[in-house]
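Structure assessment
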Amino acid sequence: MPFLRVIRDKRGYETTYLMHLYREGHRQRSRILYVFRSPGRVRVGRGALDPDVLREIEAQYPDIAFDWKDVRDHQQHIEMAVE
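Rules and cut-offs
Residues numbered from 1 in each chain as written. Predicted model: local features only at pLDDT ≥ 70, side-chain atom pairs only at ≥ 80, totals over all residues. Heavy atoms only, no water. 1 Å grid on protein atoms, 1.4 Å probe; cavity = no way out; pocket = protein on both sides within 12 Å on 5 of 7 lines; lining within 4 Å. Points joined across faces, edges and corners; volume = space filled by probe spheres on them. Nonpolar A, V, L, I, M, F, W, Y, C, P; charged D, E, K, R; others polar. Buried < 20%, exposed > 50% of the residue type's maximum accessible area, 1.4 Å probe, protein only. Helix = DSSP H or I, 4+ residues; strand = E, 2+ residues; numbered from the N terminus. Arc of directions from axis to C-beta. Contact = heavy atoms within 4.5 Å. Pairing = 2+ DSSP bridges. Axes fitted to C-alpha atoms, helices over the stretch in contact; angles between N-to-C directions. Polar contact = N/O pair within 3.5 Å; in protein donor to acceptor, adjacent residues only side chain to side chain. Salt bridge = Lys/Arg side-chain N within 4 Å of Asp/Glu carboxyl O.

**Overview of the layout of surface pockets**
Volume-wise, the largest pocket comes out at about 350 Å³. Lining the largest pocket are 19 residues, with Glu14, Thr16, Phe36, Gly47 and Ala48 positioned closest to its centre. Here the lining of the largest pocket is built from residues that sort into 8 nonpolar, 6 polar and 5 charged.

This is the structure:
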């Protein structure tokens, strides 16, 4: 089951993680499939999950079923607190 986690650090950088939950015996584990880091709220350049990137990820992990609409709809946003 793949999911997205977007973390914004105290400097404003956003790191997007595409992660996958899987079972290993009786334990549930997660692994990182893709990482994209960018300055926050940037309007130039490419997005974290462009169509070309999605095709590459699907080709690299053929054993995982990706429902990109569901992945985007249920992404987690985490803001790091400024100390």
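**A few points about helix 1 (residues 51–60)**
Of all the residues in helix 1, the buried ones are Val53, Leu54 and Ile57. All buried residues of helix 1 fall inside an arc of 100 degrees around its axis, so they share one side. Seen from the buried face of helix 1, the exposed residues on the opposite side, beyond 90 degrees, are Pro51, Asp52, Glu56 and Ala59. At its buried positions, helix 1 is contacted by strand 2 (13–24), strand 3 (27–39) and helix 2 (68–73).

**Quick look at the sheet that holds strand 1 (residues 2–8)**
On the basis of which strands lie adjacent, the open sheet formed by 4 strands has the order 3-2-1-4 and mixed pairing. Two strands bound the open sheet, and with one partner strand each, they are strand 3 and strand 4 (76–79). Strand-to-strand twist of the sheet, defined as the mean angle between neighbouring strand axes without regard to direction, takes the value 25 degrees.

**Side note on the side chain of arginine 8**
Mapped onto the fold, arginine 8 is located in strand 1. Residue arginine 8 is classed as buried on the basis of its relative accessible area of 14%. In terms of polar contacts, arginine 8 uses its side chain to reach the side chain of glutamate 79, at 2.9 Å. In contact with arginine 8, not counting residues within four places along its chain, are Tyr13, Glu14, Arg41, Ile78, Glu79 and Met80.

**Digging into the pattern of salt bridges**
For the structure on display, the rule yields 7 salt bridges. Glutamate 14 serves as the salt-bridge partner of arginine 8, at 2.1 Å between the closest nitrogen and oxygen. Side by side, arginine 8 and glutamate 14 carry an identical accessibility label, which is buried. When the shortest N-O distance is used, the salt bridge between aspartate 9 and arginine 37 registers 3.7 Å. Of this pair, aspartate 9 sits in the loop between strand 1 and strand 2 while arginine 37 sits in strand 3, and the two are 28 residues apart along the sequence. For aspartate 9, a relative accessible area of 21% puts it in the partly exposed group. Note on arginine 37: relative accessible area 47%, which makes it partly exposed.

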